[in-house]
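Each chain is listed here by its residues.
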There are 2 protein chains.
Amino acid sequence: MQFEMQDYPSILLSNAVNEFASLPGLGRKTALRLVLHLLRQPENEVQHFADALTRLKKEVRYCRICHNISDTEVCPICQSTRRDRQTICVVENIQDVMSIENTGQYSGVYHVLGGIISPMDGIGPKDIEIDSLVERIVPEQIQEVILALPTTMEGDTTNFYIYKRLSGTGVRVTQIARGMAIGNELEYTDEITLGRSILNRTEFAG
Amino acid sequence: MQFEMQDYPSILLSNAVNEFASLPGLGRKTALRLVLHLLRQPENEVQHFADALTRLKKEVRYCRICHNISDTEVCPICQSTRRDRQTICVVENIQDVMSIENTGQYSGVYHVLGGIISPMDGIGPKDIEIDSLVERIVPEQIQEVILALPTTMEGDTTNFYIYKRLSGTGVRVTQIARGMAIGNELEYTDEITLGRSILNRTEFAG
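In this text the structure is predicted, and so the values were computed from the model without any measurement.

Enquirer: Could you give me a rundown of the side chain of H37 of chain A, with the residues and numbers involved?
Expert: Structurally, H37 of chain A is set in helix 2 (residues 28-39). A relative accessible area of 17% places H37 of chain A in the buried class. Each residue touching H37 of chain A, except ones within four places of it in the same chain, is listed here: S22, L23 and P24 of chain B.

Okay, here's the thing in C-alpha cells:
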C-alpha cells in the first residue's frame, strides 16, 4: 500500500496527514492512521488536541534561572525550599531533567544548556546557556556544578569548556560516573566503557 | 526512563503530551518526543498543525453517494465522467478506497460501508451503510457489485448479508479473488489460503 499525496480524496485530510507526517519518526501511513482516528473522535476532543498545541507554543515559558520548561517565570524546582540550591546539575535538555528527577537520587537544582557544543552542527558556546550558568555561580553561592552531559565527544568538549570557564570561581566541578551499567555482564560491555571502569574503580564499601 | 505525568515540569507540556499519547500506537515517550519537537518549531508552524486538525474535523464531509471522505458534497470519483458508474466496489473504509485506487486496476465507483458487521463489537447491518447501498442499485442502474471486504469472519458475514439483500435486484454480485499473494512461495502460504487457491483455480491463459 503506497499512498501518494494526490491520492487523498480530501485536501483537509491531506493537510492533516502532512502535518503529522512532518513529525520526526512518523511516516505517511502512520500519519494517515492517526488522522483517521481523530476523524472518528467527537469534535470537541479534536478541538482540545488542537488547543493544547496552540497553547503549548503560545504560552510555554522557560525558567528564568535554570531554563527548564515551566508554566511560571521561575520553575517549581528553582522555587522549592526543599532543594539544595547550592548544587547545580548541568544537562543538555528538558528530557534530561525529567530523567534525573525520575531517579529520585538528586535534590539539587538544574541548569539546562539547551544543546551541547557541536562544531559539526555549527553550535558554539554562545549558542547555548553557558554564560548564564557562569553568572549563577557567585550570586547563588554555588558550591558544586555536576556535569551530566552525554558521554560523547560533543559532551566531553562541552564539559571541558564549562570546566575552563568555571576555573577560578572556586566552585567544585564534578561529572556523573561513567562505568558499567547496572545489571550488565562484563562480556557485553564495550571495551572503552570497561577499560574506563577499571581505571576509575572505587573503594569497595563491603 | 519512566516519565510519570506528575513529573512533567509544565501543565501545558503535560496536556500536549497527553493528547498525543491518546492516539493509537503512540506511547508517552514518543508523545513527549513529538511535543518537544513541536516546541522547537516556529509558532506559525505549530499553529498550522493545530488549524489543520480543527478544520479537518469541522469542515470534512462525506460523499452523499458513496460515503467516501470528500471536500465536496459529491466526491471526485462519483463526479467523474471517466469512471464506470454502473459498477460499485463495496469496501469497509476510506483507506480501502485509497488502496484500490493505488492499484490503478479499477475504474468503477465505490461504496464505503464505514465498518463491517461484527456481533462481538455490537455492530449490526443498521450501523453501517448497507441500506444506502441497496438504495443505489435501481436509480443508478448498477450492473455489478464487487465485494471487497476483509477476508475475515466478519467480512464473510457482511458479504453474505449484502448478497442476500441484493438478491432479487438482478445485480451481479462478485467478490475479489482470494488466493496466493503475488510473489509468495507455496511453502510460506497458509494452508487455508493455499487450499482455497487450488479449489478456485482458474484457466491457464498461456
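On we go.
Enquirer: Explain the interface of chain A and chain B to me, and be specific about the residues and the numbers.
Expert: With 56 residues of chain A at the interface, the matching set in chain B holds 58 residues. Between chain A and chain B lies a buried interface of about 5,200 Å² when both sides are counted; carbon and sulfur atoms form 70% of it. When the buried surface of chain A facing chain B is broken down by residue, L12, L39 and K57 of chain A rank first, second and third, together holding 14% of it. Applying the counting rule to chain A against chain B returns zero salt bridges. Inspection of the region where chain A meets chain B yields 10 residue pairs in polar contact (both at pLDDT 80 or more). Elements with a minimum of two residues in the side of chain A that touches chain B: helix 1 (11-21), helix 2, helix 3 (43-59), strand 2 (69-70) and helix 5 (94-103) of chain A. Considering every element that reaches the side of chain A that touches chain B, the biggest residue donor is helix 3 of chain A, with 15 residues.

Enquirer: Give a description of unusual backbone geometry that names residues and reports values.
Expert: Notably, H67 of chain A is not glycine yet its phi reads approximately 70°, a positive angle. As for its placement among the helices and strands, H67 of chain A is situated in the loop between strand 1 (61-62) and strand 2.

Enquirer: Outline the nonpolar core, listing residues and values.
Expert: Counting residues in hydrophobic clusters, the biggest one holds 48 residues, and the most contacted among them are L13, F20 and L53 of chain A together with L13, F20 and L53 of chain B. Those elements giving two or more residues to this core turn out to be helix 1, helix 2, helix 3 and helix 5 of chain A together with helix 1 (11-21), helix 2 (28-39), helix 3 (43-59) and helix 5 (94-103) of chain B. Filtering out sequence-adjacent residues up to four positions away, L53 of chain A remains in contact with F20, L38, V46, F49, A50 and L53 of chain B. Among the nonpolar cores identified, the runner-up in size contains 33 residues, and I88, V109, I137 and A148 of chain A belong to it.

Enquirer: Mind laying out the packing of helix 3 of chain A against helix 2 of chain B, listing which residues take part and the relevant values?
Expert: Interhelical geometry of helix 3 of chain A versus helix 2 of chain B gives an angle of 50° and a closest axis separation of 10 Å. Judged by the angle between their axes, helix 3 of chain A and helix 2 of chain B are oblique. Remark: the crossing between helix 3 of chain A and helix 2 of chain B carries right-handed chirality. Of the residues in helix 2 of chain B, those in contact with L53, L56 and K57 of chain A of helix 3 of chain A are V35, L38 and L39 of chain B.

Enquirer: Quick rundown of empty space enclosed by the protein? Include the residues and the values.
Expert: All names here are of chain A. Under the criterion given, the structure shown has one cavity of 30 Å³ or more. Taken as a whole, the largest cavity holds about 30 Å³ of empty space. In this structure, the largest cavity is lined by L147, A148, L149, T151, N159, Q175, I176 and R178. For the lining of the largest cavity, the residue count by class is four nonpolar, three polar and one charged.

Calculation rules
Residues numbered from 1 in each chain as written. Chains lettered and ligands numbered in written order. Predicted model: local features only at pLDDT ≥ 70, side-chain atom pairs only at ≥ 80, totals over all residues. Heavy atoms only, no water. Helix = DSSP H or I, 4+ residues; strand = E, 2+ residues; numbered from the N terminus. Buried < 20%, exposed > 50% of the residue type's maximum accessible area, 1.4 Å probe, protein only. Contact = heavy atoms within 4.5 Å. Buried area = accessible area lost by both parts, 1.4 Å probe. Salt bridge = Lys/Arg side-chain N within 4 Å of Asp/Glu carboxyl O. Polar contact = N/O pair within 3.5 Å; in protein donor to acceptor, adjacent residues only side chain to side chain. Core = buried A, V, L, I, M, F, W, Y, C linked by side-chain atoms within 4.5 Å. Axes fitted to C-alpha atoms, helices over the stretch in contact; angles between N-to-C directions. Parallel < 35°, antiparallel > 145°, perpendicular 65-115°, else oblique. Left-handed = near helix turned anticlockwise from the far one by under 90°. 1 Å grid on protein atoms, 1.4 Å probe; cavity = no way out; pocket = protein on both sides within 12 Å on 5 of 7 lines; lining within 4 Å. Points joined across faces, edges and corners; volume = space filled by probe spheres on them. Nonpolar A, V, L, I, M, F, W, Y, C, P; charged D, E, K, R; others polar.

Distances and angles like these do not, on their own, reveal function.
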